[in-house]
Every structure is written in C-alpha cells, then in structure tokens.
Amino acid sequence: MSYISDSKTPPVRDSRLKIGIGFGGSVGDLLRASGKGRLLACDRSFCQVSACQLHLTLQMVMTMPDSVTIVHGASGCGAQIHTQDFPIRSGSAARGVKRGELIWMSTNLGERDVISGGEGKLREAILLVDREYRPRVIFVASSCAPNIIGDDIDEVADTLRGEVAADIIPLHCPGFKTRVVATAYDAVYHGLARNLELAPRPHEDFAPPNGLSRDIDEDKREYARRKARTVNLINASSIGAPDERELTELLRAIGLNVRVYTEYVAADDFRFLTEAGLNVSMCAVHDDYLLEHIKEKHGTPYIISSMPLGIAETREWLLNIAARTGDMERAEAVADAREAELRRGLAPFLPQIKGLRVLLSGGVIRVAAAALALKELGCQVVAVRPYHYDDLSDPIYERLERECPGLSVNVAPNQAFELVNIIKREKPDVVLSHGGSGVWATKAGAVSVPLMSPNQNYFAYTGMYELARRLARATQNDALQRRVGENARLPFKTGWYGRDPYSYIEQDRAFE
Amino acid sequence: MKSCIVEQPRTACAIGGFYTALAIPGIVPVLHCGPGCVSQSAALLASANGAQNAHPFNEHIIPCTDFGEADVVFGGGERLRKNIENVARSYKADMILAINGCSAEIVGDDNEEVARGFSGGDIPVLAVEAAGFRGNNLYGHSQVLKAILNHVEPTGKAVGGQVNVWGVAPFYDTFWAGTLEKIGEALTEAGLAPNIIYGRNGGLDKVKAVPSAEFNLLLGPWVDLDIVRLLKERFGTPYFHYPAIPVGPTETARFLRELGEFAGLDRNRVETRAKEGEERYYHYIRRSLLWVYRCRALPKRYYINSGASTALSLHRYLVNDMGLIPCKIFLPEDVPEEHQERVEGYFRDVELDSPYDVVFTGDGGLAAQEIAASGRPKWSLFYFGSVWDEPLSNNERIPFLSVSAPQGNVMAMDKTYFGYDGALRLYSDYYEQVASKGLRTS
Ligand code: SF4
Ligand code: SF4
C-alpha cells in the first residue's frame, strides 16, 4: 500500500521498518538480532542527547528555492536554522541554483496556545507569509508541542488553499514520534508527493498528440526512447554538489541523461520527476518511501543499493544501472578505465595510510560503505558506529560481515559516552566521524577526519582519491590532536572507561 | 507578552538555559525533553554564536531522556530518574539539574518529585522547569539560577570586599567568558574580591560563597535583576546595579566612580585607574587617526538589532565616545513588560539629546525590513546585529558588525568589548568594517 496516497500523516520508521538504536557487538550478531526484529527492544537505561527528525526535515526542505518555512511549535524548535543558512546558500551556489536569504517563521506557541490549541496562529502565519513574501511554496513543519496537543495542520492547510497563492506543504516531523532521525526522509517525501504535481501538464509542458501529427506512433516511440535514457539521481543534504557531479559524469559517460532530485529543486521542476526511465538512490537509507510510491503511481522502476563509495561499491552501483539501461559494455569500460586511473593516483598515498586503525561513526549506510572503502585502501577498521540500524541496510552489512568478519558494531544515536569508551579501548589512529563526535576523538588524542562534508568529494573515483589524500594529509602532522589530547579534561569518572561500553544497552532482549 | 508570530528568532527557547548550568563547572544538566531540543539551542547559543561549545560537559554528552512517544502515554519520570542515577555514577558531577522542556511539561511529568527522590544523596539534584512555550533562553537562564541559588545555604558572615557579579548571560552573551574575566580583573584592581560563578575559574565553590558577599554587582539593564533581588531577600545582601557593561572611557570612568562611591573605595585609587585607562585608550586612538580620516565617508548613524545588554553597552559608547548618532535600536529578546520603561530610560541616559526609537520585540526580522525601507543613503549607516542581519548589509554594502546571538562565523575565544581595552577592539572592528565595505581611500 502507498502511505503517501492513503494517509495524511506518514508512518514512522519505528513501525514501518525493523529498526534499532542500541546495540553493541559483532556485525553477525547485529544481523541476527535485526533479522528477528528484536533490535528495537535493545533500549538504553541511560541516554544522552540525540537528534530529532525536525532538524533533518528542515535541512532538506529549506533547500527549495522560492519557499518559506513556518515552524509550527514553541519558538525553540527551529533555532538550528541559524547554522543552516550558510550551507544552503553555498549548496545552492554550487548547483547554480538562485536563492535569496532563508526566510522562516515560528508560530511561537505560548502557554495559552498549548492549552487552547495553536491552529489559529498557524493560519495567521500562513496568511502573513503569503502576503509578505509571495513564495511559490510554504512549508509547515510541525514539532512536538502541537502534535501532543493535537493541532491538525492539514486541516488548516486545506481550509486556506483557496485563499493563498502559494502551495502549502504540511510536514509531520515531531521529534518525539520516532527514535530515528531518518524518518525525516519519509516526512519530507510524504509532504512533497502529496502536495506537488509530479507529472508534466499537457499543453503547458508538452504538446499532447492531436491526431494531426505525421506519425503518432513514431512520436510515442521517440518519447519512450528519450524517457528510457533519462535517469533521476535522488540526492540528500548529506551528499554534496561535488558528489552529484561525479555521479552525473559517470552516468553521462555511459550515455545517459541525468537529472538530480529532490533537494535544491524548484517546485515546478517536480513536474518532470516522473519523466525518467529509472530512479536511482544515492544512499539506501533515504529514498525507498518515495521511490516505491512513484513506481506504484507512475510505473518508474528504481534502484536502491547501498552507496557508491569505494572501488567495489562504485562498480556495482554503476553496473546495476547499466544492466537496466542496457549499457553494460560501456559501463564496464568506463569502470575499468577509471579504476586504472585511480590506482595510479592512489599509489603515492598508500604507504602512509596502509595499516591505519580506523573507527567510523555516522550514518548507517555511510559508515559501512566507507569501512569497505578503507579496507580497500589497506586500513584496518576497528569498529563502526551507525546512528541507527534498519533492514534497508542489511545488504551492505552482510557484505561487511563477509569482508570484515567479527567487526564490532555500536548502534548509537550519538551517545558520546560509548564512543569515548571505545576510543580509549581501541586506540584508533583515525576516527572518521560525522558531526561533533570528532571532538571526542581529538580529546582522546586521535586524528579525526570528517566522514562526510557537502563541499568535498566522497563518492566514486574522485571521492576515493580524495579520501586517501585526506587521510594522508591528516596523519602527516598530528600535533594539534596530540597536544590537545595531553591537555584534555574528560568529563567521565575513570571508572567508566574500565566498564563495558555497552553496559547501558539492554541487549539480552536481542535474541529472545 | 510573546510575540504572535516571529521571524528568525534571535533567542533560543527556555531549554537553552542549560547553558547557564554548563557555564558553572561541576554542574551537569539532565534534560527531560525531545531528542532534538538540545541541538536547537546549541546552534543559536553556541556553535553559531562565537564558535563556542561547553566544556568539559560538551553538548553531545548531555544526558537527555530523548522524550518519545511512550513517554507521552506513560510519562517519562522513571526514565529521568534512571538517567540521573547513571550520571551520578559515571560523570564527574558535583550537582545535577533535572530540567523539564515542553513535552515533559505538557504531559505533566513531575521532575520535582524525581529530584526529591535523590535528597540526602551525595550529589544534590535540583528540579528546573524550562519549557520553551513559557519563555526564551533568558527565562531558562533565570529558572536555572533561581533553582541553584535557592539551594545555597547562608554562610553567616560577609567576607570583606567580596562582590558577586551578575547580569551576564553565559553563551547567549557571545563574549561572556572574556568579559567576565576582565570584569574580575578590574574589580581586583579596584581593591575588591570578585566572586564569579561562571567560566574558567568559576564552580560550585563560588556558588556556595555567594551568600558571604558584601554586595552583589549587577551589570546590565534587566537580566538578573530578579536574581539580585532574590539574594537580597534570602541573604540580606545589598546590590549595586549599574545598567550597562561599561565600554569605553566615558562609561568605564562613570562606572568606576559610582562603584567606588557605593563600595566606599579609595577615591584616589579610582581616579588614578580611570586616568591611566583613558591615557592608554587615547594613545592608541591618536595613533590611528590618520587612517581613520581617510575613510571617504564616515558613517554617522547606526542601527542596532541585538539583546538589550549588548545594545546598551554599544549605544553608550557610540554616542558618548565615538560621536555617532543612533537611528533606531531594536531589542528582539522579549524584554518583559515590567522592565521596558526602565530599560528605555537607560538608553536615553547618554550625552546626546536627539530623537530615536527603542523597539521592544521578539521579532528579529523587523530591523532589516525597516532599514531596507528607510530610504537613507546606505553608506551613511552602520548596522550592528546578528548573522541574520548580514545578508542585508552585504547586499546593500552597509558596514556591519555581528554583536549578538547568533553571531555566525565569529570566534569569540576570550574577546570582549569591556572597559578601556575592549573599546579599542570595538573601535578597530568598526573601522575595519568601514574600510572593507569600500568606504576608505588609501
Ligand atoms: S520539541 Fe520535538 S521537534 Fe522540537 S526540537 Fe525538540 S524533539 Fe525536535
Ligand atoms: S521550544 Fe520546547 S520543544 Fe522546542 S526546542 Fe524548546 S523545549 Fe524543545
């Protein structure tokens, strides 16, 4: 069934998938527990701050040019946007997308609203935004408070549709509803797919066959041919413009037309989303919700297979697509040539990075794909720490088990106390990390390298080259880490470092 | 009053008060709120505000119940209790604050009861209510301080010369750390014994010493006025309220003299200090006059869009020492109504009689709208604000300084505009901006 067509609110991944947010053990045990659907039972009896889906939701939708976002909630939800302004501006510039200042509002719910409901304020906010800014789209992102008190944002949007010029897109993304931030992808796609046109308009976007044409059948065949040669790449805020460019070039090299959706795309360009023969996800954890819906409604097939990071994964990613479009031979030739070129480029760095002990912390697919890539570079992966786990990730973790049997995996949304403990134990040379956890690596004296960054290459061949170069550069002079490490004051009692890092995860339930 | 609908708020929500706790070494806040609430405040108050993070209890290791669906139904009190228990076991904590955010307050989780369950233990556990729908981070700041200070026991007798310093909201005031260090130095030089609970030299011992002060010093227009009143009520400590953190020779000398009078300091010592400061200040000003006069058109008028404390400090310096003229001052921090008249009076108390408005609001976007529409020649203006005001200044090439949360790509480190030396920083920041906007010929 398609949730998108059938229900106002998206489901959360906690119920839609087999997920987990707490685990510590070998990759094999992880897969077994996940297979039994027992992962979510492994909760923590102690937890630190994690993150919420509102954050990622805003990060995604605010990339749409000509949109204004209203955060429906108390004024604190949305304060993060201050750190989003710069990345979105530079992300737009890197993609040649024109975008003015980020404009957003908060309905600033107060004590009285929490008692009597905030729908009136939301109504007022939508009208105000429409009048003052005349955007093409108004996003309404609802946070915890209005969801607990039961505000109906769809209802408000519906009653205003005739009155305002903008398209209103409600987004259901309260943090308390889900344990995994990745639910945000569903929340956003739910909103986009329900409220934007996903197919071209006859007469406006194309001239429908009118019987006067010379050869209608030939026209249709030509249309089908062009459509079949067009591939949509589905992006995400964690994937930068340089990576989009690299993959686009790869696919162009095998003769395909490439377009990139859904971030940094104007509302009206969504009408051409379905004018493609194939949808390709760039990361297995992002897009199944949307791509399944498009397949069901518009018949476009899709490919979701891990992430084109590292030599083997990239080849597989490319060949998978080529197999569908009938470009196998060309794809193999492209991969051969690029691999040979890459190996020449890597040679000078390999001696320095060979044998480095590496720990990875971040997104579930990315840590696994990067771990495999690092193994290709001759590094030794000591552990991976995905933010969460779900069964969409099974294929790549199965591969991880084959390539690095017994590898330890710590499923944890941040939970820096577990990280610090593991770093103290494993003493990695390098930590590849997302977000602020690099700080803990530095304090523990390890070099940290970003696991992702929207301004740099990570994917495919250029990405692999850059990764190696970055590692070599980072380990060349570790003076800062060493000296900061020597002068660090760690916040936990020494007793904690002697204990099992997973003491607070209730794991015995994993195999019940 | 909460503004109805706000554009780009310049304050975080009440939960952001946890930064006040983190500024006092030894205190660990345990949050009972949604999983994303911390990062919301962290962006505005710390990472996008002077490149700060808390230390050693940094944002990522703050215990949080990550309030979820099940807690809405069953209540999350038990999980809060477990979290506190484990913090006591593994963190180097001397005090724990159990802080309720919106969700916990809406469903009615009783953190006071949870805290009471720990009474008599080794580490004090205190409950704080800081729901975002009740107020902004300054409300949260006050809630946190009140909880801590209500817990402090009287010490019996005053220590000669001891003065507690209030009025600076840690993190929110981007330059809090440097400012407090310098205020401490200035007070020591004046012959007093400063007691500052926040920052590098702060801590619970400083908190415990609060009742033994001879007096409390409140520097700022309204924040912490409730605190010094509370301390007067609880411990009978008098307070000296100077409404602005002094910046520049005029204000600093005035502050030193009034302080001297209040605390009965040696008058000669005060005058000597003021004279020295002034001499040094003007020495450097004179050394740069030639460069400054080559600025093709010296902007004369300014707008400020910032928190009240920062705005007032800047405003008094800009008028009294730099000879500039205010156009309009926006204070987007929801200054409570009861304080507004008083605060406005502080802004009028400068050596210039000219009409300008002081606007109390919660809406950070007002200033930019007005400046864009003002019709004044943009090169004649200077704009003080936060990172949200920067696009306008870039587009219109208005010289601009980020002075208020969130400051954006600014590294605060130990920077401060306090006193004589701080004014030199501000003066040079100001003219560097003028020059970088192309308003200077070489
Ligand atoms: S209240 Fe909910 S939506 Fe808002 S920041 Fe917190 S967890 Fe996220
Ligand atoms: S306003 Fe309430 S719900 Fe939103 S971030 Fe603040 S405490 Fe959390």
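Note that this is a predicted model, so its numbers are computed, not measured.

Enquirer: Where do I start with the site of ligand 1 in this structure?
Expert: Lining the immediate environment of ligand 1, one finds Cys52(A), Leu54(A), Cys77(A), Ser143(A), Cys144(A), Gly175(A), Gly34(B), Pro35(B), Gly36(B), Cys37(B) and Gln40(B). More than one chain lines the surroundings of ligand 1; the residues nearby belong to chains A and B. Each residue belonging to the shell around ligand 1 can be placed in one class, and the counts come to 6 nonpolar, 5 polar and no charged.

Enquirer: Please clarify how the interface of chain B and chain A should be interpreted in this entry.
Expert: In many reports, interface size means the accessible area that the parts give up when they come together. Every contact between the two is made by 55 residues of chain B and, on the other side, 61 residues of chain A. A combined buried area of about 5200 Å² lies between chain B and chain A, and 57% of that area is made up of carbon and sulfur atoms. In this structure, the connection of chain B to chain A is made through 3 salt bridges. At the boundary of chain B with chain A, the tally comes to 22 residue pairs in polar contact (both at pLDDT 80 or more). Looking at the side of chain B that touches chain A, the elements that each hand over two or more residues are strand S1 (6-7), helix H2 (37-47), helix H3 (69-74), helix H4 (77-90) and helix H5 (102-107) of chain B. In terms of residue count, the dominant contributor to the side of chain B that touches chain A is H4(B) (8 residues). Where strand S4 (residues 104-106) of chain A and S1(B) come together, 2 bridges link them in antiparallel fashion. Bridge pairing links Met105(A) to Glu7(B) in S1(B).

Enquirer: Is there a simple way to think about the packing of helix H17 (residues 364-376) of chain A against helix H18 (residues 394-403) of chain A in this case?
Expert: Working note: a packed helix pair is described by the angle between its axes plus the distance between those axes. Residue and element names in this part refer to chain A. Between H17 and H18, whose axes approach to 10 Å, the crossing angle comes to 30 degrees. Accordingly, the angle class assigned to the pair H17 and H18 is roughly parallel. Seen from above, H17 lies across H18 with left-handed handedness. On H18, the residues that touch Val364, Ile365, Val367, Ala368, Ala369, Ala371, Leu372 and Lys375 of H17 are Ile396, Tyr397, Arg399, Leu400 and Glu403. Class assignment of the residues belonging to the contact of H17 with H18 gives a composition of 10 nonpolar, no polar and 3 charged.

Enquirer: Before we go on, may I ask you to explain the nonpolar core in this structure?
Expert: Taken as a class, soluble globular proteins show a tendency for nonpolar side chains to be buried jointly. Ranked by internal contacts, the top residues of the largest apolar core, which has 282 residues, are Leu360(A), Tyr397(A), Trp166(B) and Phe384(B). No other element matches the 10 residues that H17(A) contributes to this core. Each residue touching Tyr397(A), except ones within four places of it in the same chain, is listed here: Val27(A), Leu30(A), Leu31(A), Val364(A), Val367(A), Ala368(A), Val384(A), Pro386(A) and Tyr389(A). With 18 residues, the next largest nonpolar core counts Met105(A), Ala125(A), Ile153(A) and Val156(A) among its residues.

Enquirer: What's the story with the sheet that holds strand S7 (residues 215-219) of chain B in this structure? I'm lost.
Expert: Each strand in a sheet pairs with another by means of backbone hydrogen bonds, the pair being arranged parallel or else antiparallel. Residues and elements named next belong to chain B. Strand order in the open sheet formed by 4 strands is S6-S5-S7-S8, and the pairing between neighbours is parallel. Looking at the sheet topology across the chains shown, the edges are occupied by strand S6 (193-195) and strand S8 (239-242). Averaged over all neighbouring strand pairs, the angle between strand axes comes to 30 degrees, with direction disregarded. Of the strand pairs in this sheet, strand S5 (residues 162-166) and S7 are connected by 4 bridges, and their pairing is parallel. Of the residues in S7, the one forming a bridge with Val163 is Phe215. Lying over the sheet, helix H10 (residues 225-235) contacts S5, S7 and S8, oriented at roughly 165 degrees with respect to S8.

Enquirer: Can you walk me through the confidence of the model for chain B in this structure?
Expert: Low pLDDT marks stretches whose predicted atomic positions should not be read closely. The share of residues in chain B with pLDDT of 70 or more is 98%, and the mean pLDDT across the chain is 94. Among the prediction metrics, the complex's ipTM stands at 0.92, with pTM recorded as 0.94.

Enquirer: Mind showing me how you'd approach the packing of helix H10 (residues 183-195) of chain A against helix H13 (residues 288-298) of chain A here?
Expert: Residues and elements named next belong to chain A. The interhelical angle for the contact between H10 and H13, taken along N-to-C directions, is 30 degrees, at an axis separation of 8 Å. By the angle between their directions, the pair H10 and H13 is classed as roughly parallel. Residues Asp186, Tyr189, His190 and Ala193 of H10 lie in contact with H13, whose contacting residues are Tyr289, Leu290 and His293. Its residues placed into classes, the contact of H10 with H13 shows 4 nonpolar, 2 polar and 1 charged.

Enquirer: Got a minute to help me understand the packing of aromatic side chains in this structure?
Expert: Each aromatic ring pair is characterised by the separation of its centres together with the angle its planes make. Within the structure shown, the criterion is met by 28 aromatic pairs over all chains. Note on Phe382(B) and Phe384(B): the rings are 4.8 Å apart at their centroids and 35 degrees apart in plane angle, and the pair reads as tilted. For the pair shown, Phe382(B) and Phe384(B) are each scored as buried. Grouped by ring-pair contacts, the aromatic residues Phe46(A), Phe417(A), Phe492(A), Trp496(A), Tyr497(A), Tyr504(A), Phe57(B) and Tyr91(B) constitute a single cluster. One cation-aromatic arrangement involves Arg366(A) over Tyr458(A); the distance from NZ or CZ to the ring centre is 5.8 Å. Over the ring of Tyr497(A) we find Lys424(A), and its NZ or CZ is 5.3 Å from the ring centre.

Enquirer: Help me understand the site of ligand 2, please; the structure alone is not making it clear to me.
Expert: Lining the immediate surroundings of ligand 2 are Ala74(A), Gly76(A), Cys77(A), Cys13(B), Ile15(B), Cys37(B), Cys102(B) and Gly132(B). Chains contributing residues near ligand 2 are chains A and B. Residue classes in the shell around ligand 2 are distributed as 6 nonpolar, 2 polar and no charged.

Enquirer: Before we go on, may I ask you to explain unusual backbone geometry in this structure?
Expert: In terms of backbone geometry, most residues other than glycine have negative phi values and most peptide bonds are trans. Cis geometry is found at the peptide bond from His55(B) to Pro56(B), where omega equals -5 degrees. The linkage connecting Ala405(B) with the following residue, Pro406(B), adopts the cis geometry, with an omega of -10 degrees. Considering the arrangement of structural elements, one finds Pro406(B) in the loop between strand S13 (400-402) and helix H18 (419-436). Look at Lys427(A): it is not a glycine, yet its phi comes out positive at around 45 degrees. When you line up the elements, Lys427(A) lands in the loop between helix H19 (416-426) and strand S15 (430-433). For Lys427(A), a relative accessible area of 58% puts it in the exposed group. In this model, Phe171(B) sits at a positive phi of 70 degrees, which is unusual for a non-glycine residue. Looking at the secondary structure, you find Phe171(B) in the loop between S5 and helix H8 (176-189). Residue Phe171(B) is classed as buried on the basis of its relative accessible area, which comes to 3%.

Enquirer: Would you mind showing me how to read the environment of Gly76(B) here?
Expert: Residues and elements named next belong to chain B. Within the element layout of this structure, Gly76 appears in the loop between H3 and H4. When the C-alpha atoms of Gly76 and Asp122 are compared, they prove to be 24 Å apart, with 46 residues separating the residues in sequence. Other than its neighbours up to four places away in sequence, Gly76 contacts His32, Asp71 and Asp109.

Enquirer: Would you explain helix H12 (residues 267-287) of chain B in this entry?
Expert: The periodicity of an α-helix, 3.6 residues per turn, causes residues three or four positions apart to be oriented the same way. Residue and element names in this part refer to chain B. A rise of 1.5 Å per residue sets the reference length of H12, with its 21 residues, at 30 Å; its end C-alpha atoms lie 31 Å apart and thus fit the reference within 8%. Along H12, the residues classified as buried are Val270, Ala274, Gly277, Tyr281 and Ile285. Looking straight down H12, one finds its buried side chains confined to an arc of 70 degrees; they lie on one side. Within H12, the exposed residues directed more than 90 degrees away from the buried face are Asn268, Lys275 and Arg287.

Enquirer: Explain the pairing of strand S7 (residues 230-234) of chain A here, please?
Expert: Residues in a regular strand project their side chains so that they alternate between the two faces of the sheet. Residue and element names in this part refer to chain A. In terms of burial, S7 is largely enclosed, as 5 of its 5 residues are buried. Pairing of S7 with strand S8 (residues 257-261), which is carried by 5 bridges, proceeds in the parallel orientation. Its bridge partner being in S8, Leu233 is matched across the sheet by Val260. Read as a crossover between parallel neighbours, the route from S7 over helix H12 (residues 241-253) to S8 is right-handed. For S7 and strand S9 (residues 278-281), the ladder comprises 4 bridges, and the chain directions are parallel. By the bridge assignment, Leu233 is partnered in S9 with Val280.

Scoring rules and cut-offs
- Residues numbered from 1 in each chain as written.
- Chains lettered and ligands numbered in written order.
- Predicted model: local features only at pLDDT ≥ 70, side-chain atom pairs only at ≥ 80, totals over all residues.
- Heavy atoms only, no water.
- Near = heavy atom within 4 Å.
- Nonpolar A, V, L, I, M, F, W, Y, C, P; charged D, E, K, R; others polar.
- Contact = heavy atoms within 4.5 Å.
- Buried area = accessible area lost by both parts, 1.4 Å probe.
- Salt bridge = Lys/Arg side-chain N within 4 Å of Asp/Glu carboxyl O.
- Polar contact = N/O pair within 3.5 Å; in protein donor to acceptor, adjacent residues only side chain to side chain.
- Helix = DSSP H or I, 4+ residues; strand = E, 2+ residues; numbered from the N terminus.
- Pairing = 2+ DSSP bridges.
- Axes fitted to C-alpha atoms, helices over the stretch in contact; angles between N-to-C directions.
- Parallel < 35°, antiparallel > 145°, perpendicular 65-115°, else oblique.
- Left-handed = near helix turned anticlockwise from the far one by under 90°.
- Core = buried A, V, L, I, M, F, W, Y, C linked by side-chain atoms within 4.5 Å.
- Buried < 20%, exposed > 50% of the residue type's maximum accessible area, 1.4 Å probe, protein only.
- pLDDT = per-residue confidence, 0-100.
- Phe/Tyr/Trp six-rings, centres within 6.5 Å; stacked < 30°, edge-to-face > 60°.
- Lys NZ or Arg CZ within 6 Å of the ring centre and 35° of its normal.
- Expected span 1.5 Å × (residues − 1).
- Arc of directions from axis to C-beta.
- Right-handed = clockwise from strand over helix to strand, strands pointing away.

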